[in-house]
Amino acid sequence: MDERYDPARVERAAQDYWNSRQAFAAREDAPGEKYYCLSMFPYPSGRLHMGHVRNYTIGDVLARFMRMNGRNVMQPMGWDAFGLPAENAAMANGVPPAKWTRENIAYMKRQLRSLGFAIDWNREIATCDPAYYRWNQWLFLRMLKKGIAYRRTGVVNWDPVDQTVLANEQVIDGRGWRTGAPIEKREIPMYYLNITAYAEELLGALDGLDGWPERVRAMQANWIGKSTGCEIAFPYADDTSAALGGPGVLKVFTTRADTLFGATFMAVAAEHPVALAAAARDPKLAAFVDECRRGSTMEADVATQQKKGLPTGLHVRHPFTGAPLPVWVANYVLLGYGEGAVMGVPAHDARDFEFASRHDIPIVTVVKSKSGAYARVAAPWIDAYGEPGITVDSGEFSGLESAAAVDAIAAALEARGLGAKRVQYRLRDWGISRQRYWGCPIPLIHCEACGEVPVPDEDLPVRLPEHLVPDGSGNPLAKTPEFVNCKCPKCGRPARRETDTMDTFVDSSWYFLRYACADNERAMVDARAGYWLPVDQYIGGIEHAILHLLYSRFWTRAMRDLGLVTLDEPFARLLTQGMVLNHIYYRHPEGGRRTYHHPADVELRDGRPVLIADGAPVVHDGLGTMSKSKGNGVDPQKLVEEFGADTARLFMMFTAPPEQTLEWSDEGVQGAFRFIRRLWKAVHDHVSQGAADGDFAALGAEHKALRRLTHETLAKITDDLGRRHTFNTAIAAAMELLNAATRVSGADAQGRAVVREALDVIVLTLSPIIPHVTHVLWQSLGHTGALIDERWPKPDPAALLRDEVELVVQVNGRLRGRIRVAAGASEETVRAAALAEENARKFIGEAPVRKVIIVRDKLVNIVV
RNA sequence: GCCGGGAUGGCGGAACUGGUAGACGCGCCGGACUCAAAAUCCGGUUCUGGCAACAGAGUGUGGGUUCGAUUCCCUCUCCCGGCACCA
């Protein structure tokens with residue numbers, strides 16, 4: 001073998017071997033239990049970034065590990081190819097999104113191949129291919145028929161200058177990102193998927209997802225947001241009946257019906273009918289309603305904005321006392337949640353308290369919390385005011401515990417027909433219509449005579465014309481007559497094709513099913529999906545913890561209810577990897593724009609960051625995700641060219657556990673490269689000494705210790721890779737073993753045998769992480785078979801036995817000494833040895849020993 | 001604002017079920033090799049005191065439970081992810 005490690009040569013050799021044998025093509029009839037290993041597919045933005053490298057390396061390590069453990073592994077890859085960035089690139093460069101996207105895919109595919117991932121490229125899909133998205137359309141029509149999809153109006157951001165709908169991220173401080181024009185809200189017809197019908201099931205099934213991180217399950221549960229409460233109807237007072245043209249009720253939903261007697265006002269959303277009716281007669285109110293409607297609908301904005309309100313002058317009546325309650329319009333009440341109206345109980349709700357204090361609305365205490373001995377709620381607000389307790393001043397419902405009061409009040413309301421207990425979810429239905437070009441067309445035709453008509457199955461897919469270039473002023477589809485103009489499938493008269501496209505979350509909600517049968521042109525899924533699904537291990541960024549994963553769980557169930565799959569949950573186990581960060585440095589010249597500088601161009605002088613080029617200081621802006629705008633990205637391509645794919649993979653896996661954020665470090669890359677070179681040299685030195693045919697029959701203490709370490713390390717790496725997914729500690733253990741193996745005196749036959757065994761174990765167990773170099777080293781070590789076809793080794797129990805163990809001796813929990821005792825020594829022996837330990841005795845002194853705690857094979861704690 | 005997560009040497013991190021804090025790597029310091037440098041190899045490296053043995057302090061803040069807490073409970077601070085049209 002070569003004395004020098006040459007990554008380019010090694011990686012070409014290994015990849016040529018795998019490619020020539022189609023080593024990673026997955027077959028349904030191959031032996032072994034199936035293992036479907038899936039990493040979230042990338043958006044083809046142009047170049048791979050480090051987050052991708054990290055994501056796909058994690059998946060690849062698991063896929064290769066499982067393959068060596070006898071599993072029939074499938075690891076596919078594809079492209080989340082529709083979306084906004086392609087339209088932005090088109091506007092900037094005048095290139096059609098289709099061309100831009102396909103070129104990006106070709107380039108990124110080459111990059112992925114260079115990293116040596118064990119991917120079955122035969123199953124590759126791109127969501128922008130008609131062969132894929134036709135099934136979006138096909139399923140959408142079935143959902144429409146079954147009532148899972150439906151049409152209603154929804155609110156969008158409207159840029160009045162560009163005459164176009166903007167995404168939330170294109171709205172900056174309430175203005176269009178390109179035009180700077182104040183954004184208006186518009187209500188337009190859209191299609192929705194009835195995910196709320198599945199809320200209960202999606203919530204309940206979280207308990208069974210024990211292969212998912214607890215935090216993701218918690219986030220999903222909170223997102224679904226089930227609350228059990230009470231619907232309460234407040235009858236209109238005469239003024240409100242008059243304004244709305246007849247009697248009626250104002251409905252609210254509350255989880256705190258026990259505070260009903262503390263309600264001193266009502267608050268409704270700006271779009272609520274009562275608000276609109278009042279605004280019609282009051283210009284000031286109309287202006288306020290208008291202002292609210294212009295404001296952001298983003299939850300974060302709504303929650304942090306100043307709470308504002310105006311009285312409508314109208315009233316409703318308390319359902320029990322009949323007392324009139326003023327109705328306010330408030331900007332913190334959303335039409336989309338609950339009934340679009342809330343009852344204001346300032347004494348027991350922090351938000352209502354703030355609102356009432358500002359507007360001089362009375363505060364009436366009706367619950368005494370068990371802990372707080374207050375008689376009356378008064379400023380400042382304390383959390384105890386909002387806690388449940390015993391009701392007071394609540395008529396016939398006084399003196400009850402909150403829970404009992406809720407029950408009693410709900411029953412009384414129900415008897416009067418003014419309310420009932422009800423379950424409410426925070427989750428909203430999923431609006432999938434996008435007024436954009438680069439997405440999957442919604443397969444509907446609008447006919448003046450027949451209304452909304454589905455495109456017949458035989459006409460699917462509705463193909464997206466690929467030559468268009470968006471210019472930022474509306475959806476180019478709508479301006480393309482050959483797309484829009486069509487015949488009504490029902491009556492044959494001229495009709496208009498729907499020009500909205502689908503949310504890209506639709507594309508990603510079922511791609512994992514399509515990998516199982518990507519070549520099937522006749523059906524969306526077939527029996528092979530039954531074989532491969534569910535995904536055994538899904539790997540992706542934590543930023544997808546809620547939306548993508550929840551939509552996929554819903555979509556899978558929808559397909560189940562349409563009889564296409566028998567699956568409930570698509571992803572059995574989930575690993576959410578952390579982001580890849582790098583330092584951010586910038587300069588901010590007077591009156592100029594910030595200029596960012598790459599961390600590689602910055603060094604520390606006397607603890608202060610300066611630009612190497614001119615030695616003048618730069619500002620350190622902490623750590624952030626690698627991005628073009630912050631100028632702190634590192635190109636995986638350069639990394640692979642300079643150090644090789646194995647170093648890139650090793651660095652990613654070693655530097656942090658997968659779920660944590662990972663900090664980029666050029667020195668860390670060097671360290672990873674150095675380790676591979678050290679491993680190469682160790683194998684080279686070993687094999688250049690000739691055969692290693694000694695046996696393990698009568699080893700000396702030093703060789704016995706190395707052999708024990710070899711098998712302890714094997715056991716640890718197996719556990720770290722297979723169960724804990726802590727690749728960093730697995731690598732650390734392999735490094736320790738290499739350090740020990742290169743230190744042992746291995747010139748004699750037995751020494752050579754134990755060193756050889758250690759090297760075999762290191763090469764085998766690191767092969768999922770650094771597959772290229774280990775592929776070549778395995779051959780150098782004299783093995784004839786290919787490493788990828790080897791079985792994962794098992795530790796030899798005999799090698800793990802110890803004669804002696806070292807115990808820590810503590811006095812009152814403080815470390816005072818160490819003792820060595822025979823393995824399996826009795827507690828009495830251990831106790832006596834500990835009490836005899838010299839340093840420990842100094843600390844025991846004359847004091848009587850009160851207790852001795854013995855933790856087997858670990859420590860003895862003497863309590864005095 | 002709400003929901004979720006995090007904070008350990010100079011740095012990334014380890015300590016898995018309450019039991020030796022700092023594995024492994026980086027950086028730094030010293031040495032070997034070299035005409036020299038790079039590379040490589042060997043040794044040291046939490047802080048304070050001490051020649052040393054050893055002692056004291058120490059896991060973001062303040063408190064609690066325990067023989068024993070980085071780990072469990074409460075409080076606060078700061079950082080990160082998500083908040084429904086970025087993907």
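Fair warning: this is a prediction, and the values are worked out from it, not measured in the lab.

Student: Before we go on, may I ask you to explain the pairing of strand β12 (residues 265-268) in this structure?
Tutor: Regular strands place their side chains on alternate faces of the sheet. Burial along β12 is two-sided: F265 and A267 facing one way and M266 and V268 facing the other are all buried. Sheet analysis places β12 next to strand β14 (residues 324-330), joined by three bridges and oriented parallel. Following the sheet pairing, M266 is matched in β14 by V327.

Student: Just checking my understanding: could you explain the sheet that holds strand β11 (residues 249-254) for this structure?
Tutor: Two modes of strand pairing occur in sheets, parallel and antiparallel, and in both the strands are linked by backbone hydrogen bonds. Here three strands make up an open sheet; going across it, the order is β11-β10-β18 and the pairing antiparallel. Each having just a single partner strand, β11 and β18 (419-424) make up the two edges of the open sheet. Sheet twist, expressed as the mean angle between neighbouring strand axes with direction ignored, is 30 degrees. As paired elements, strand β10 (residues 227-235) and β11 share six bridges and run antiparallel to each other. In the strand pairing of β11, A233 is matched with K251. Of the strands in this sheet, β10 and β18 touch helix α13 (residues 402-416), which is tilted by about 120 degrees from β18.

Student: Would you mind showing me how to read the protein's contact with RNA strand B here?
Tutor: Around RNA strand B sit 67 residues, and of these D80, N168, R436, R724 and N861 come closest. The contact atoms of RNA strand B, taken as those within 4 Å of the protein, divide so that sugar and phosphate hold 64%. Within the contact set of RNA strand B, a phosphate oxygen lies 3.0 Å away from a side-chain nitrogen or oxygen of R434. Note that a base oxygen of RNA strand B is positioned 2.6 Å from one of the side-chain N or O atoms of R818. Considering each element in turn, the surface near RNA strand B owes the most residues, six residues, to helix α23 (residues 727-743). For the surface near RNA strand B, a count of residues per class yields 27 nonpolar, 18 polar and 22 charged.

Student: Looking at this structure, I do not really get the pattern of salt bridges. What am I missing?
Tutor: For side chains bearing opposite charge, pairing can occur when the charged atoms are close. Counted under the stated rule, the structure contains 52 salt bridges. A salt bridge links R102 to E466; the nearest nitrogen and oxygen atoms lie 2.7 Å apart. Of this pair, R102 sits in helix α4 (residues 97-114) while E466 sits in the loop between β22 (451-454) and α14 (481-484), placing them 364 residues apart in sequence. The structure contains a network of salt bridges with shared partners spanning E201, R553, R557, R560, D561, D568 and E569.

Student: Please explain the confidence of the model for chain A as it appears in this structure.
Tutor: Residues shown with low pLDDT carry predicted positions that ought not to be read at fine detail. Per-residue confidence for chain A averages 91 on the pLDDT scale, and 98% of its residues sit at or above 70. Two summary scores accompany this predicted model of the complex, namely pTM at 0.94 and ipTM at 0.96.

Student: I'm lost on the sheet that holds strand β35 (residues 814-822) in this one. Help?
Tutor: What the four strands build is an open sheet, ordered β35-β34-β37-β36; its pairing is mixed. The open sheet is flanked by β35 and β36 (851-855), the only strands paired with a single partner. Adjacent strand axes in the sheet meet at a mean angle of 20 degrees when their direction is disregarded. Sheet topology note: the β36/strand β37 (residues 859-863) ladder contains five bridges and is antiparallel. Paired with V855 across the bridge in β37 is L859. Of the strands in this sheet, β34 (804-811), β35, β36 and β37 touch helix α27 (residues 827-836), which is tilted by about 135 degrees from β35.

Student: Quick question: what am I supposed to make of the nonpolar core here?
Tutor: Core analysis: the largest hydrophobic core is formed by 174 residues, its most contacted members being F140, Y511, L513 and W555. Top contributing element to this core by residue count: helix α2 (residues 50-68), with 10 residues. Look past the residues within four positions of W555 in its chain and what remains in contact with it is L139, M143, L193, W430, V506, S509, W510 and M524. Of all hydrophobic cores here, the second largest spans 40 residues; its members include F261, M266, A270 and V274.

Student: How do you make sense of unusual backbone geometry when you look at a structure like this?
Tutor: The phi angle of most residues is negative, glycine excepted, and most peptide bonds adopt the trans form. Cis geometry is found at the peptide bond from L460 to P461, where omega equals 0 degrees. Here P461 lies in the loop between β22 and α14. Omega for the peptide link from L533 to P534 comes to 0 degrees, which places this bond in the cis form. Tracing the sequence through the fold places P534 in the loop between α17 (527-532) and β26 (537-541). Look at D173: it is not a glycine, yet its phi comes out positive at around 50 degrees. The topology assignment puts D173 in the loop between β7 (171-172) and β8 (175-176). Owing to a relative accessible area of 76%, D173 belongs among the exposed residues under this scheme.

Student: Can you help me understand helix α1 (residues 7-20) in this one?
Tutor: One full turn of an α-helix is made of 3.6 residues, so residues set three or four places apart face in the same direction. The end-to-end C-alpha distance of α1, which contains 14 residues, comes to 20 Å, matching closely the 20 Å that a straight helix rising 1.5 Å per residue would cover. Three or more residues of α1 are buried, namely P7, V10, E11, A14, Q15, Y17 and W18. Along the long axis of α1, the arc covered by the buried residues comes to 155 degrees, so they all point the same way. The exposed set on the far side of α1, more than 90 degrees from its buried face, consists of R12 and S20. The inward-facing, buried residues of α1 contact α2, α4, α19 (636-643), α20 (645-655), α21 (666-687) and α25 (771-780). Of the residues trailing α1, Q22 is marked for its positive phi of about 50 degrees.

Student: Explanation requested: the packing of α21 against α23 in the structure shown.
Tutor: When two helices pack together, you describe them by how their axes are tilted relative to each other and by the distance separating the axes. In contact at an axis separation of 11 Å, α21 and α23 are set at 40 degrees when each is read in the N-to-C sense. Viewed along their axes, α21 and α23 adopt a mutual orientation that is oblique. In the packing of α21 onto α23, the handedness of the crossing is left-handed. On α23, the residues that touch F675, R678, L679 and A682 of α21 are M735, L738, N739 and T742. For the contact of α21 with α23, the per-class residue count stands at five nonpolar, two polar and one charged.

Student: Any chance you could explain the packing of α21 against helix α24 (residues 749-766) here in plain terms?
Tutor: As a packed pair, α21 and α24 sit with axes 11 Å apart at the nearest point and diverge in direction by 145 degrees. As for how α21 packs across α24, the hand of that crossing is left-handed. Contacts between α21 and α24 involve F675, L679, A682, V683 and H686 from the first element and R752, V755, R756, L759, I762 and L766 from the second. Residue classes in the contact of α21 with α24 are distributed as eight nonpolar, one polar and two charged.

Student: Honestly, the environment of A832 in this entry has me stumped. Any pointers?
Tutor: The topology assignment puts A832 in helix α27. Sequence spacing of A832 and P768 is 64 residues, and the spatial spacing of their C-alpha atoms is 48 Å.

Student: What am I meant to see in helix α5 (residues 130-146) here?
Tutor: With 17 residues, α5 ought to run about 24 Å at 1.5 Å a step, and its terminal C-alpha atoms sit 24 Å apart, in line with that. All of the buried residues along α5 are P130, Y132, Y133, W135, N136, Q137, W138, L139, F140, L141, M143 and L144. In the segment just after α5, G147 is the residue with positive phi, at about 85 degrees.

Student: Honestly, the packing of aromatic side chains in this entry has me stumped. Any pointers?
Tutor: For any pair of aromatic rings, the description rests on two quantities: the centre-to-centre distance and the angle between the ring planes. Under the defined criterion, the tally for this structure stands at 32 aromatic pairs. Taken together, a centroid distance of 6.3 Å and an interplanar angle of 80 degrees make the contact between Y56 and F117 edge-to-face. Taken as a pair, Y56 in helix α2 and F117 in the loop between α4 and β4 (125-126) lie far apart in primary sequence, 61 residues in all. With relative accessibility at 3%, the residue Y56 sits in the buried group. Judged by its relative accessible area of 7%, F117 is buried. Between F82 and W438, the ring centres sit 4.9 Å apart and the planes meet at 80 degrees, which makes this aromatic pair edge-to-face.

Student: Just checking my understanding: could you explain the environment of L721 for this structure?
Tutor: Among the secondary structure elements, L721 is positioned in helix α22 (residues 701-724). Of the residues examined, L721 reaches a relative accessible area of 1% and is grouped as buried. It is 63 Å that separates the C-alpha atoms of L721 and R493, two residues lying 228 residues apart in sequence. Among all residues touching L721, those that are not within four sequence positions of it are V61, L62, F65, F727, A730, T765, P768 and W792.

Rules used in this analysis
- Residues numbered from 1 in each chain as written.
- Chains lettered and ligands numbered in written order.
- Predicted model: local features only at pLDDT ≥ 70, side-chain atom pairs only at ≥ 80, totals over all residues.
- Heavy atoms only, no water.
- Buried < 20%, exposed > 50% of the residue type's maximum accessible area, 1.4 Å probe, protein only.
- Helix = DSSP H or I, 4+ residues; strand = E, 2+ residues; numbered from the N terminus.
- Pairing = 2+ DSSP bridges.
- Axes fitted to C-alpha atoms, helices over the stretch in contact; angles between N-to-C directions.
- Contact = heavy atoms within 4.5 Å.
- Near = heavy atom within 4 Å.
- Polar contact = N/O pair within 3.5 Å; in protein donor to acceptor, adjacent residues only side chain to side chain.
- Nonpolar A, V, L, I, M, F, W, Y, C, P; charged D, E, K, R; others polar.
- Salt bridge = Lys/Arg side-chain N within 4 Å of Asp/Glu carboxyl O.
- pLDDT = per-residue confidence, 0-100.
- Core = buried A, V, L, I, M, F, W, Y, C linked by side-chain atoms within 4.5 Å.
- Expected span 1.5 Å × (residues − 1).
- Arc of directions from axis to C-beta.
- Parallel < 35°, antiparallel > 145°, perpendicular 65-115°, else oblique.
- Left-handed = near helix turned anticlockwise from the far one by under 90°.
- Phe/Tyr/Trp six-rings, centres within 6.5 Å; stacked < 30°, edge-to-face > 60°.

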